[in-house]
Amino acid sequence: KCDDDQASLAETLLLAVFAFIPMLRSPTLIPPCTAFWNEAARLILRNEHLNAAALTNKADFSSLRILVPTVLHAQMLRAAIAENINHSFIPPRISTMDAWLSLCPPVEARPEAARVAALYAELRNHGWLKQLFSARRNTDLLPLAQTLICLSDELTQAMLPLLRLSPDEVKKRWQDALSHLPARAKAVLSEEAQLVWAIWKGQLDANDRCAARYTQMMRLAETANEPLVWISPVEPSPLEQAFLSAYGNRQTVVPILLDWRARMLRPAFAAAWPEIANDPEPISNLVESTQGIFLCQAHSLEQEAQLGAQTVIDWLVEGRSRIAIVAQDRVVARRLRALLERARIGVTDETGWKLSTTRAASLLSAWFDVVTTRADTASLLDFLKSPYLAPSLPERASHVMNIEMILRRANVTGGWEAILSATDGAEREWIARLREASQGFTAGRRELCAWISQTLDALAALDAIEALQSDPAGTQLLALLESMKSACAGMQERMSFAEWRAYAALQVESAPFIAPQSDKRVVMLPLNGARLRSFDAVLVVGADADNLPSRPGETLFFSNTVRRELGLATRESLQRQQLRDFCELLQSNAEVVLSWQSVKNGEHHPASPWLQRLQLVLEKSGVPALPAHKACIEQHRLRTVRIQSPRPSASHLLPTRLSASAYNSLSACPYQFFAGHMLGLRALDDVSDLPEKRDYGEWLHHILHEYHEALANNPLPADARLAKLREMSERRFENELSRSAAALGYYVRWQKAMPAYIAWCEEREKDGWRYEAGELKRESRLAFDGGEVTLHGRIDRIDRNAAGELAVLDYKTKPLDSLKKRLKNLEDHQLAFYGLLMEQPVADACYVALEPKNGRIGHASADDQTYPQRTQALSERAVETLAALSSGAAMPANGVQTICAWCNVRGLCRKGMW
């Protein structure tokens, strides 16, 4: 805190800028401290040049205008003035520059969104630009357009006042700045420099936003009729300096800035970071320690977030009501916020998360994916699962699940027609609405306003507007689209859908998301958001070498030398200002905890170099080191509960229909049967563009059924059968190859197997068996004590011999040896189960291996002497098992390892944990 004598000595920083104007006072400097606003209020109230009338009346300060950086600063200054007066008064008019300009007559200026779109439309017409910046598509020039707009604004901020006074001087300054480039760099950057110069001058001619703002500011200065106090934590920009100078020609102007002289800082800070001082002075010894600064090292991201959350909770328990979290590490900050919200502690977020990270923005992105891919299954399902889509649709969640199950089971990879053919009922009507809404996006090129209107109309047709309006992020997304529509109303340039999508994504990515503020006890903010603010306690997360200082963005086109000559921000100036912000944070708050991860990816992760420099200065001066902060997380002793093997009993869930695969599951593991066939829990089928082995099996089933039915109706000689089978196979695989070229491998595989299959059929005919029927659906009833169940299945093929005996055959695309092993070990009950479905006794059953070995195809047959006994034994065992389940028998998870290795419900039974 500085007194009047110190304030009088502080008027040196901007004397060269302000002293030549009589009514523009030299800056009043206040060092960074907790009492900044109290000191500023005291200086304002005692300044006779500002408050001549108020000093007489001692109550009316309405003739004074004060400009502060933000609305929060206005509230703090108003409170400080009230504290210093201690009686009723009329306060001065305190506002921000933006708020003051909003009361003035508007000046025509092109909105930011329109400027980017217009510049992009111009850039895409020049092919050499795409070659210069290695752009493959027109849309790659959109980020370039935005970068050029930002660079133009920087140049306007730095040189517009000089340009209005002397255009030739600006051009000379530009050429002098470029002359600092090396000769090789000049050759490389000559075209870029000309591009930047032309675009900047063109933007100024097109009512540039910064130029319009400068015009409004100068109009205010020309009509100044009240004293002005300018309060800022940073030095005025050239535009602001010109405004203050013009205002000072008519009225008294008193700038109040931070005092960055070395003697006004804590000695430790001045010694550790001499570059932040305007007049660095050598510090001989440190007479004070850095009290109130604590270090907190964590060994992982999760631990840093947990310690930070516990620290905030401890501060709240102590009664602190103004707590700040400085989010240097955004990932840790997100996790910290989640932990606090789990503890029901609201966090007011001022960090400005990108709108593109919200669920509302993902709805728009997902819709564009659906339109672009013409209803790719993955994109469509992602879009349908958005909580904003058709919330009023009855049983919406079950409709989404039904659509997903249908598309996965049918392996529909995408396409409106294919999806509509696979669905029916309410699901089909919903998909039809989506297709209708997407039709308008297939038209060629159109104006941006038309694209925005089409997008809003599609969201309305899909019943998403109301849900978006009820969500803070959705409301901001709709407002952004409406503002873009208004900004681009007069644009005649046409864009394709791909360009509109890229442009919309760029705008959403650039827009910040402002979360609603309910609980203001804990606020999360960036480092520069803490300027001229003090809190009861501050937690800085990410005080490590990677995040403090923050890495500056790439400075396209110009080197730091050129930027310095042009008066633009350089990496050094940005880092110096960031270090000042950090120093101000430490000096303006009574308690600051700096946390970081000391171990990252298994390796040592150092603290910020700024902290290391401070610790080194403290150690060299013999001052105690920065103490460690300890946050004690309360430990809870958990009672150990031994996990038991699951043994559910659910007689009321016993299914009324039973297939061969379901009975195999019951025999392999009762718990697997319980989860899959009683609870109905099944793994979702994968949707794949590539055909799988199950698809290959279905193709062969279809081909062989068609082949044998054709031979049964029109017998062919042996030498013509292979050609017939090839003809049918060609027709089937031609259709599959048109859908996916990956089916070629299976086609070649079947071509090699066809001669072997024909040879096997001839040998079977010699044994007396003839094709009877194929692909037959059969059902039979099985009664047991307590009820009955319907057995059902589809039999691939039935043969009959001369004696009238039947044989059941099942096609398999597996090697013959594995099939024989299954029958030998009695691991499979499928063939015996088929015997229960037949009305007549079956003499034999076998698996036909369609995978040739040594050029031959064979079959694995159940012994014809034991097959009837196997069928009878299966019937008796099924009756006994179903009767036990009906009476409430337990269903343990007793599957062997070979079963568990491929089980979809192992995560439920938790085998291996008990």
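What you are looking at is a predicted structure, and each value in this text was computed from that prediction instead of being measured.

### Structural notes on the overall build of the protein
Scanning the protein for helices and strands turns up 38 helices and 23 strands. The C-alpha radius of gyration computed for the protein amounts to 39 Å, which surpasses the reference 29 Å derived for 914 residues by more than 25%, pointing to a less compact arrangement than a globule. Projected onto the principal axes, the alpha-carbon positions of the protein cover approximately 125 × 70 × 55 Å. Out of the 914 residues belonging to the protein, those deemed buried represent 49%. Once local pairs closer than 6 in sequence are excluded, the contacts in the protein between residues at least 24 apart make up 75%. Total accessible area computed for the protein in this model is approximately 44700 Å², and 50% of it derives from carbon and sulfur atoms. Each charge sign in the protein was given a centre, from 103 positive and 107 negative side chains, and these centres are 2 Å apart.

### Brief notes about the sheet that holds strand β5 (residues 253-258)
Sheet architecture is open: five strands sit in the order β1-β5-β4-β2-β3, paired in parallel fashion. What marks the edges here is a single partner per strand, and that holds for β1 (28-30) and β3 (93-95). Each neighbouring strand pair of the sheet contributes to a mean axis angle of 20°, computed without reference to strand direction. Here strand β2 (residues 65-67) runs beside strand β4 (residues 228-231); their pairing, made up of three bridges, is parallel. The partner of Arg 65 across the bridge, within β4, is Leu 228.

### Quick word on the sheet that holds strand β13 (residues 522-525)
Spatially, β6-β15-β14-β7-β13-β8 is the arrangement adopted by the six strands of the open sheet, whose pairing is parallel. Each having just a single partner strand, β6 (293-298) and β8 (348-349) make up the two edges of the open sheet. Here strand β14 (residues 537-541) runs beside strand β15 (residues 592-597); their pairing, made up of four bridges, is parallel. Bridge assignment links Leu 539 to a residue of β15, and that residue is Val 593. Set on the sheet, helix α27 (residues 571-588) makes contact with β6, β7 (323-327), β14 and β15; between it and β15 the angle comes to about 130°.

### A look at the packing of aromatic side chains
The tally for this structure, following the rule as stated, stands at 23 aromatic pairs. Measuring from ring centre to ring centre gives 6.3 Å for Phe 61 and Phe 89, while their planes differ by 80°; the resulting arrangement is edge-to-face. Of this pair, Phe 61 sits in the loop between α4 (52-57) and β2 while Phe 89 sits in the loop between α5 (71-85) and β3, placing them 28 residues apart in sequence. Judged by relative accessible area, Phe 61 falls into the buried class, the value being 7%. Centre to centre, the rings of Trp 367 and Phe 441 are 6.0 Å apart; their planes meet at 75°, and the pair counts as edge-to-face. Residue Trp 367 is located in helix α17 (residues 359-373), and its partner Phe 441 is located in the loop between α21 (425-438) and β10 (446-447); the two are separated by 74 residues in the primary sequence. The exposure classification of Trp 367 matches that of Phe 441, with both residues buried. When the ring centre of Trp 353 is taken as reference, the NZ or CZ atom of Arg 334 above it lies at 4.3 Å. It is Arg 446 that lies over the ring of Trp 451; its NZ or CZ is 4.5 Å from the centre.

### Observations concerning a nonpolar patch on the surface
On the surface, Ile 643, Met 913 and Trp 914 cluster together into a nonpolar patch covering about 280 Å² of accessible area. Relative to the helices and strands, Met 913 resides in the segment after α38 (906-909).

### Quick notes on the pattern of salt bridges
With the rule as written, the count across this model stands at 45 salt bridges. Residues Glu 706 and Arg 731 are paired through a salt bridge, measuring 3.0 Å at the closest nitrogen-oxygen approach. Remark: Arg 731 occurs in helix α32 (residues 718-739) and Glu 706 occurs in helix α31 (residues 693-713); sequence separation between them is 25 residues. As a salt-bridge pair, Lys 812 and Asp 810 come within 3.3 Å of each other at their nearest N and O atoms. Both residues of the pair, Lys 812 and Asp 810, count as buried.

### Regarding α27
Turn by turn, an α-helix covers 3.6 residues, leaving residues three or four places apart pointing in a common direction. Relative to the 26 Å expected for 18 residues at 1.5 Å per residue, α27 spans 25 Å between its end C-alpha atoms, a close match to the ideal helical length. Considered for burial, the residues of α27 that qualify are Gln 578, Leu 579, Arg 580, Asp 581, Phe 582, Cys 583, Glu 584, Leu 585, Leu 586, Gln 587 and Ser 588.

### Some details on the packing of α17 against helix α25 (residues 497-510)
Running from amino to carboxyl end, α17 crosses α25 at an angle of 165°, the nearest separation of the two axes being 11 Å. Taken together, the axes of α17 and α25 lie roughly antiparallel to each other. In the packing of α17 onto α25, the handedness of the crossing is left-handed. For the pair formed by α17 and α25, the contact residues are Ala 361, Ser 365, Phe 368, Asp 369, Val 371 and Thr 372 on the first element and Phe 497, Trp 500, Arg 501, Ala 504 and Val 508 on the second.

### Let's talk about the pairing of β14
Side-chain direction in a regular strand flips from residue to residue, so the side chains alternate between the two faces of the sheet. Within β14, five of the five residues are buried, which leaves it mostly tucked inside the rest of the structure. Side-chain alternation along β14 places Ala 537, Leu 539 and Val 541 on one buried face and Val 538 and Val 540 on a second face that is also buried. The pairing of β7 with β14 spans five bridges and is parallel. What sits directly across from Val 326, in β14, is Val 540.

### With respect to empty space enclosed by the protein
Per the counting criterion, the structure on display carries two cavities of 30 Å³ or more. In this model, the largest cavity occupies a volume close to 70 Å³. Lining the largest cavity are Cys 669, Tyr 671, Gln 672, Ala 893, Gly 895, Ile 899, Cys 900, Cys 903, Val 905, Arg 906, Cys 909 and Lys 911. Counting residues per element, the ones that place at least two in the lining of the largest cavity are α30 (670-678), α37 (897-900) and α38.

### Observations concerning the nonpolar core
For soluble globular proteins, the rule of thumb is that nonpolar side chains tend to be buried together. Residues Leu 123, Phe 243, Trp 367, Trp 500 and Tyr 503 are the most contacted members of the largest nonpolar core, which totals 115 residues. Residues contacting Leu 123, with those up to four places away along its chain left out, are Leu 129, Leu 141, Leu 144, Ala 145, Leu 148, Leu 195 and Ile 199. Counting 63 residues, the second largest nonpolar core, distinct from the first, contains Ala 40, Val 326, Val 592 and Leu 614.

### A word on α25
End to end, α25 covers 20 Å across 14 residues, agreeing with the expected 20 Å (1.5 Å per residue, within 8%). Among all positions of α25, only Phe 497, Glu 499, Trp 500, Tyr 503, Ala 504, Leu 506, Gln 507 and Val 508 are buried.

### Describing the side chain of Thr 311
As for its placement among the helices and strands, Thr 311 is situated in helix α15 (residues 301-317). Once residues within four sequence positions are removed from consideration, Thr 311 is found in contact with His 629 and Ala 631.

### Considerations on unusual backbone geometry
With an omega of 5°, the peptide bond between Leu 548 and Pro 549 qualifies as cis. With respect to the helices and strands, the residue Pro 549 is situated in the loop between β14 and α26 (560-566). Located in the positive-phi region is Arg 374, a residue other than glycine, with phi close to 55°. Assignment of secondary structure puts Arg 374 in the loop between α17 and α18 (377-384). With relative accessibility at 57%, the residue Arg 374 sits in the exposed group. One non-glycine residue with positive phi stands out, namely Arg 910, at about 60°. Residue position: Arg 910 is located in the segment after α38. Classification of Arg 910 by relative accessible area gives partly exposed; the value is 40%.

Thresholds applied
- Residues numbered from 1 in each chain as written.
- Predicted model: local features only at pLDDT ≥ 70, side-chain atom pairs only at ≥ 80, totals over all residues.
- Heavy atoms only, no water.
- Helix = DSSP H or I, 4+ residues; strand = E, 2+ residues; numbered from the N terminus.
- Rg over C-alpha atoms; globule rule 2.2 N^0.38 Å.
- Buried < 20%, exposed > 50% of the residue type's maximum accessible area, 1.4 Å probe, protein only.
- Contact = heavy atoms within 4.5 Å.
- Areas by Shrake-Rupley, 256 points an atom, 1.4 Å probe, with all protein chains shown as cover.
- Lys, Arg positive; Asp, Glu negative; His and termini not counted.
- Charge placed at Lys NZ, Arg CZ, Asp CG, Glu CD.
- Pairing = 2+ DSSP bridges.
- Axes fitted to C-alpha atoms, helices over the stretch in contact; angles between N-to-C directions.
- Phe/Tyr/Trp six-rings, centres within 6.5 Å; stacked < 30°, edge-to-face > 60°.
- Lys NZ or Arg CZ within 6 Å of the ring centre and 35° of its normal.
- Patch = residues over 30% accessible without salt bridge, like charges linked within 9 Å, V, L, I, M, F, W, Y side chains within 5 Å.
- Salt bridge = Lys/Arg side-chain N within 4 Å of Asp/Glu carboxyl O.
- Expected span 1.5 Å × (residues − 1).
- Parallel < 35°, antiparallel > 145°, perpendicular 65-115°, else oblique.
- Left-handed = near helix turned anticlockwise from the far one by under 90°.
- 1 Å grid on protein atoms, 1.4 Å probe; cavity = no way out; pocket = protein on both sides within 12 Å on 5 of 7 lines; lining within 4 Å.
- Points joined across faces, edges and corners; volume = space filled by probe spheres on them.
- Core = buried A, V, L, I, M, F, W, Y, C linked by side-chain atoms within 4.5 Å.

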